[in-house]
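Now for the letters of each chain:
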Amino acid sequence: MKRIKALPLLILLPLLMGGCDRLFSASGQQSGDSSDAPPPVTLLFQFFGDKPTDLDLVIREFEKRTSDSLRVKLETEWDAPEEYKQKIKLKLAAGESVDAVFDASWMNLNQNVAQGYYQVLDKYFNNDDYPGLKKAFPADYLDANRMNGHIYALPLTQLFHDIELVFIRKDLREKFGMQPIRSMTDLERYLERVRREEPSMIPLALKGERGFYRMFESQAKQTNYRASPTALSGTGVAFQVVLSDDGKHVLGAATYGDPASEYADFPAPLNQPDYFTQVFDQNVAWNRFVQTDVLNERNALLLLESGKAAASEGTVNDWASTRQKLKTAVPGAELEGFVYIDCQRNREAGCIGTDYRAWNDLAIPVTSKQADDTMRFLDWLFQSQENHDLFELGIKGKHWTEGVGGAYYTTSESSDYAFPAFELTWNPYLSRIGADVQPEVQDLLAYEADPASYYRLPLSGFQFDPAPVKTEIAKIQPLANQTMQVLGSGLDLNWRESLAAMNKKLRGLGLERIREELIRQIQAYLDSGGT
């Protein structure tokens, strides 16, 4: 199999064109007398999730490989996912010094840029003084990820979509005498069998902030509108933005809990609020399969991997590590996946809507006085395959081994270095593909690397600027997030009444100003020739 960096060079660029961890020292690869070198600097990187078990071993290997020329010490902080977004916002608002933070459009990236919390990084790219960054982040890749014409963060991605699926226990399915899962009806039958015949197990484990995610969202192509699951980001609450048939005019922007009048000017079936909200009925119906404390769940896959759950929602990139952990923890267990979006399961062309932006980013707050040093470290990270492999995969020969064509194999110790690569190292030119994944996984990875699998979403070049309404967004976002998380896991039988109550409160906090600003900016974008 070709290594991941080979695929995007030939395939993905055409798409673009059309608590506190231990202290460790870092240095460059050149050795020499350090007597005249400047004193080392200490950088603080902020991530979310669980600290990899063998991070300290990787750090020691990193120290052994490098000399004193980089002169960097790095501290990392790891926070629980449900606390991370709010903690970062509080740190940035308080002016605390942090040198690099993970952020994303699905977190607070847009709002934090609008509030002036992040530094402009333009000068570090396409710069011969930073050859690693120049090679790993070429101009076309960066252009698709600009905000207000500038680069405020490193865009981190492997491909433009990570196919969603439900992982299930193949051994349990076979124990029940069931055929492979081919439909949502089959999946429901499997979960019912688990509920009846394995009462000590959780039928379907979900992550609290993710809920059912896209399992019941509309699968229709969004050719003249943008709505969940690909709603425009940065507005504090998701809007359903509908355009005229010719794509030149904004017909309106509705949101959850709006009265029917907000939808009246939309073409059928978009003029029916239930078209966008039927998902919540399905969430409620399927909640019977979900763990009771789902809102507090940080790592749903861990429940599956440890044998406590019979299924869990995730993505194809989780497959190899989840399978390895499950087989280690539960002898005789086997994993398989059900892709729940029909056209993706059938490998149809033009199935996946995208704006060709990265979903994950690493930003440098304005409070940091060491941006140059942070970018020197990142430049080192992306300078070579060897450097990159160390942080993304761990120690070669221990946590992974090299396969044919640059692919990699996991080992019995891979799970000890499960670094969340999407927070630091993902890159279309350096990230490798696992060689020991099942054939179905290889097929899915090839499918999501094929440009024919995608279609360009309307307003793909539009980026909402929240600055004019940043105060209103700050007011409505906490309530909107809290409500939508409850509904996302199907915990509210009376969700219609809850959305109406939420909407009424949001209107009192500035919802209409946000709606008006969103429509104004989109229309200006369309008037200037945007599509």
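Residues numbered from 1 in each chain as written. Predicted model: local features only at pLDDT ≥ 70, side-chain atom pairs only at ≥ 80, totals over all residues. Heavy atoms only, no water.

Asks: Can you walk me through the side chain of D379 in this structure?
Replies: Mapping D379 onto the fold places it in helix α14 (residues 371-381). Among buried Asp, Glu, Lys and Arg side chains, D379 stands out as unpaired, with R376 the closest opposite charge at 8.6 Å. With residues near it in sequence (within four places) discarded, D379 still touches D129, Y130, P131, G132 and L133. (Helix = DSSP H or I, 4+ residues; strand = E, 2+ residues; numbered from the N terminus. Buried < 20%, exposed > 50% of the residue type's maximum accessible area, 1.4 Å probe, protein only. Lys, Arg positive; Asp, Glu negative; His and termini not counted. Salt bridge = Lys/Arg side-chain N within 4 Å of Asp/Glu carboxyl O. Contact = heavy atoms within 4.5 Å.)

Asks: I tried to follow the state of the cysteines on my own but got confused; where do I start?
Replies: The bond known as a disulfide is covalent and runs between the sulfur atoms of two cysteines. Applying the stated criterion across every chain yields a total of one disulfide. Linked covalently through their sulfurs, C343 and C351 form a disulfide whose S-S length is 2.0 Å. Between C343 and C351 the sulfur-sulfur dihedral comes to about 60°; the bridge is accordingly right-handed. Both residues of the pair, C343 and C351, count as buried. (Disulfide = S-S within 2.5 Å.)

Asks: I tried to follow the sheet that holds strand β6 (residues 164-169) on my own but got confused; where do I start?
Replies: Two modes of strand pairing occur in sheets, parallel and antiparallel, and in both the strands are linked by backbone hydrogen bonds. Read from one edge to the other, the open sheet built from three strands follows the order β10-β6-β11, with strand pairing classed as antiparallel. Only two strands of the sheet have a single neighbouring strand rather than two, namely β10 (311-315) and β11 (335-338). When strand polarity is set aside, the average angle formed by the axes of neighbouring strands in this sheet is 35°. Looking at chain direction, β6 and β10 are connected through five bridges and run antiparallel. Note that in β10 the partner of I168 across the bridge is A311. (Pairing = 2+ DSSP bridges. Axes fitted to C-alpha atoms, helices over the stretch in contact; angles between N-to-C directions.)

Asks: Help me out: how do you make sense of unusual backbone geometry in this one?
Replies: With the exception of glycine, the majority of residues adopt a negative phi angle, and the majority of peptide bonds are in the trans configuration. Residue P229 follows S228 across a cis peptide bond; omega there is 15°. With an omega dihedral of 0°, the bond running from A268 to P269 counts as a cis peptide bond. Although it is not a glycine, Y356 sits at a positive phi angle of roughly 65°. Relative to the helices and strands, Y356 is located in the loop between β12 (352-354) and β13 (360-363). Under the relative-accessibility criterion, Y356 is labelled buried at 6%.

Asks: Looking at this structure, I do not really get the packing of α14 against helix α15 (residues 385-393). What am I missing?
Replies: Helix packing geometry: the angle between the two helix axes and the distance between the axes. Across the interface, α14 lies against α15 with an axial gap of 7 Å and an inter-helix angle of 100°. With respect to α15, the axis of α14 lies roughly perpendicular. Each of F377, W380 and L381 in α14 lies in contact with α15, whose residues at this interface are N387, H388 and F391. (Parallel < 35°, antiparallel > 145°, perpendicular 65-115°, else oblique.)

Asks: Can you walk me through the packing of aromatic side chains in this structure?
Replies: Two aromatic rings, taken as a pair, are described by how far apart their centres are and by the angle between their planes. Evaluation of the coordinates by the stated rule reveals 36 aromatic pairs. Look at Y417 and F419: their rings are 5.9 Å apart centre to centre, the planes differ by 25°, and that puts the pair in the stacked class. A relative accessible area of 10% places F419 in the buried class. Here a set of aromatic residues connected by ring pairs shows up, and it is made of F45, F47, F62, W78, F377, W380, F391, Y417 and F419. Over the ring of Y213 we find R210; its NZ or CZ atom is 3.8 Å from the centre of that ring. The ring of Y455 has K221 sitting right over it, with the charged end atom 5.2 Å from the ring centre. (Phe/Tyr/Trp six-rings, centres within 6.5 Å; stacked < 30°, edge-to-face > 60°. Lys NZ or Arg CZ within 6 Å of the ring centre and 35° of its normal.)

Asks: Explanation requested: the environment of Y84 in the structure shown.
Replies: Within the secondary structure, Y84 sits in helix α3 (residues 81-94). As for Y84 and G49, which are separated by 35 residues in sequence, their C-alpha atoms are 8.7 Å apart. Beyond its immediate chain neighbours, meaning those up to four positions away, Y84 contacts Q46, F47, F48, D79, V101, F102 and M107. One polar contact links the side chain of Y84 to the main-chain carbonyl oxygen of F102, over a distance of 2.8 Å. (Polar contact = N/O pair within 3.5 Å; in protein donor to acceptor, adjacent residues only side chain to side chain.)

Asks: Looking at this structure, how should I read the sheet that holds strand β9 (residues 250-255)?
Replies: An order of β7-β8-β9 is seen for the three strands of this open sheet, with the pairing classed as antiparallel. Edge positions in the open sheet fall to β7 (225-226) and β9, since each of these has one partner strand only. Where β7 meets strand β8 (residues 239-243), two bridges bridge the pair, whose relative direction is antiparallel. Of the residues in β8, the one forming a bridge with R226 is V241. Against the sheet, helix α19 (residues 511-527) makes contact with β8 and β9, and its axis sits at roughly 150° relative to β9, the strand it touches most.

Asks: Looking at this model, I keep getting lost on the pairing of β9. Mind explaining?
Replies: A regular strand places its side chains so that they alternate between the two faces of the sheet. β9 sits mainly inside the fold: five of its six residues count as buried. Pairing geometry for β8 and β9, over five bridges, is antiparallel. In the strand pairing of β9, F239 is matched with T255. Linking β8 to β9, which pair antiparallel, is a turn of six residues; within it G247 sits at a positive phi near 70°.

Asks: For this particular structure, what's the right way to read α3?
Replies: Between its first and last C-alpha atoms α3 spans 20 Å; for 14 residues at 1.5 Å apiece the expected length is 20 Å, and the two agree. The complete set of buried residues in α3 reads P81, Y84, I88, K91 and L92. Elements in contact with the buried residues of α3: β2 (41-48), β3 (72-79), β4 (100-103) and α4 (109-114). (Expected span 1.5 Å × (residues − 1).)

Asks: How should the confidence of the model for the protein chain be read in this particular structure?
Replies: Segments scoring low in pLDDT should not have their predicted coordinates read at a detailed level. A residue-level look at the protein chain finds 93% of positions with pLDDT of 70 or above and a mean pLDDT of 90. Segment residues 1-34: pLDDT under 50, and 110 contacts once partners within four positions in sequence are set aside and those in other chains are kept. (pLDDT = per-residue confidence, 0-100.)

Asks: I would appreciate a short explanation of the side chain of T367 in the present structure.
Replies: Looking at where T367 falls in the secondary structure, it is placed in the loop between β13 and α14. Within the structure, T367 has its side chain in polar contact with the backbone oxygen of E96 (distance 2.8 Å). Look past the residues within four positions of T367 in its chain and what remains in contact with it is G95, E96, S97 and V98.

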